[in-house]
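Chains, contacts and geometry: an overview
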Amino acid sequence: DTAVSQTPKYLVTQMGNDKSIKCEQNLGHDTMYWYKQDSKKFLKIMFSYNNKELIINETVPNRFSPKSPDKAHLNLHINSLELGDSAVYFCASSLLLNEQFFGPGTRLTVL
Amino acid sequence: GQSLEQPSEVTAVEGAIVQINCTYQTSGFYGLSWYQQHDGGAPTFLSYNALDGLEETGRFSSFLSRSDSYGYLLLQELQMKDSASYFCAVRAPNNNAGNMLTFGGGTRLMVKP
């Protein structure tokens, strides 16, 4: 009965590699998000999709590309990983913008 | 752009009352949300204020003053399990389209016996 799920939970990889994180929600929400939380716990929006359409792209490098095959899924692909990409990435979904439901997070470590 | 300020850390004892303040500067404003995040966990929604005043939900209350660009989260009868980080988040217009949440840096609450 998981509401928002992400895979993998942990991701350890070398600089320069390409990796993907998957997100799925079974809440029937129209809007999904990707957030990045750095080591100081600062939580910042990266992307937002509404009904598979990109509506927010907050100055994220082109190496990050979100893909939404349907409104229940929002995946994040990252090319040419850099050390600074190490963080926890949270997927979220919402019916109302102010009440967002977060997934468990994916801890990405770039070596 | 949007900026939010909240204290980085607050310590209180079990059973006490604690108030976590949040001040914000935004271009446009729709409302203020609060989220709780335990270590290693995901943020979870606590409350949302669009209008001035106090909203109460059990032991937690949230207050907003739009004229002062200020809000707070009040936690009563503190329990050990309340030890977590608390984030305020402003709902405001963004540059692209629609609106979005911008989060503050979070306040780490430590509850001691």
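For the structure, see preceding data.
Here is a short report on the structure shown in this document. (Residues numbered from 1 in each chain as written. Chains lettered and ligands numbered in written order. Predicted model: local features only at pLDDT ≥ 70, side-chain atom pairs only at ≥ 80, totals over all residues. Heavy atoms only, no water.)

Thoughts on the overall build of chain A
Operational definition: What counts as a helix is a DSSP run of H or I of at least four residues, what counts as a strand is a run of E of at least two, and both are numbered from the N terminus. We compute the radius of gyration over the C-alpha atoms and compare it with the globule rule, which gives 2.2 Å times the number of residues raised to the power 0.38. Each residue is placed in one exposure class: buried if its accessible area under a 1.4 Å probe, protein chains only, is under 20% of its type's maximum, exposed if it is over 50%, and partly exposed if it falls in between. Here, two residues are considered to be in contact whenever any of their heavy atoms come within 4.5 Å of each other. Areas reported here follow the Shrake-Rupley algorithm with a probe of radius 1.4 Å; residue values treat only the protein chains shown as occluding.
Across its full length, chain A carries zero helices and 11 strands. Reading chain A from its N end, one meets helices and strands in the order β-β-β-β-β-β-β-β-β-β-β. Scaling as 2.2 N^0.38, a compact globule of 111 residues should have a C-alpha radius of gyration of about 13 Å, and chain A matches this with 13 Å. Here the C-alpha coordinates of chain A stretch approximately 35 × 25 × 25 Å along the principal axes. Every one of the 111 residues in chain A was classed for burial, and the buried ones make up 44%. Residue pairs at least 24 apart in sequence account for 53% of intrachain contacts in chain A once pairs closer than 6 positions are excluded. Taken as a whole, chain A presents about 5500 Å² of accessible surface, with 52% of it coming from carbon and sulfur.

Some remarks on the state of the cysteines
Here is the rule we go by: Any two cysteine sulfur atoms within 2.5 Å of one another count as a disulfide.
One pass over the full model with this rule turns up two disulfides over all chains. Between the sulfur atoms of A:Cys23 and its disulfide partner A:Cys91 the distance amounts to 1.8 Å. Taking the sign of the S-S torsion, about -75 degrees here, the bridge from A:Cys23 to A:Cys91 comes out left-handed. Here A:Cys23 is found in strand E3 (residues 19–25), whereas its partner A:Cys91 is found in strand E9 (residues 87–96), with 68 residues between them in sequence. The same class applies to A:Cys23 as to A:Cys91, namely buried. Here B:Cys22 pairs with B:Cys88 through a disulfide, and the sulfurs are 2.1 Å apart. Around the S-S axis, the bridge from B:Cys22 to B:Cys88 shows a dihedral of about 75 degrees and counts as right-handed. With a gap of 66 residues between them, B:Cys22 in strand E3 (residues 18–25) and B:Cys88 in strand E9 (residues 84–93) connect regions that are remote in the sequence.

Some words on the pairing of strand E10 (residues 99–103) of chain B
Of all five residues in E10(B), five are buried; the element is thus mostly enclosed. Going residue by residue along E10(B), you find B:Asn99, B:Leu101 and B:Phe103 tucked away on one face and B:Met100 and B:Thr102 tucked away on the opposite face as well.

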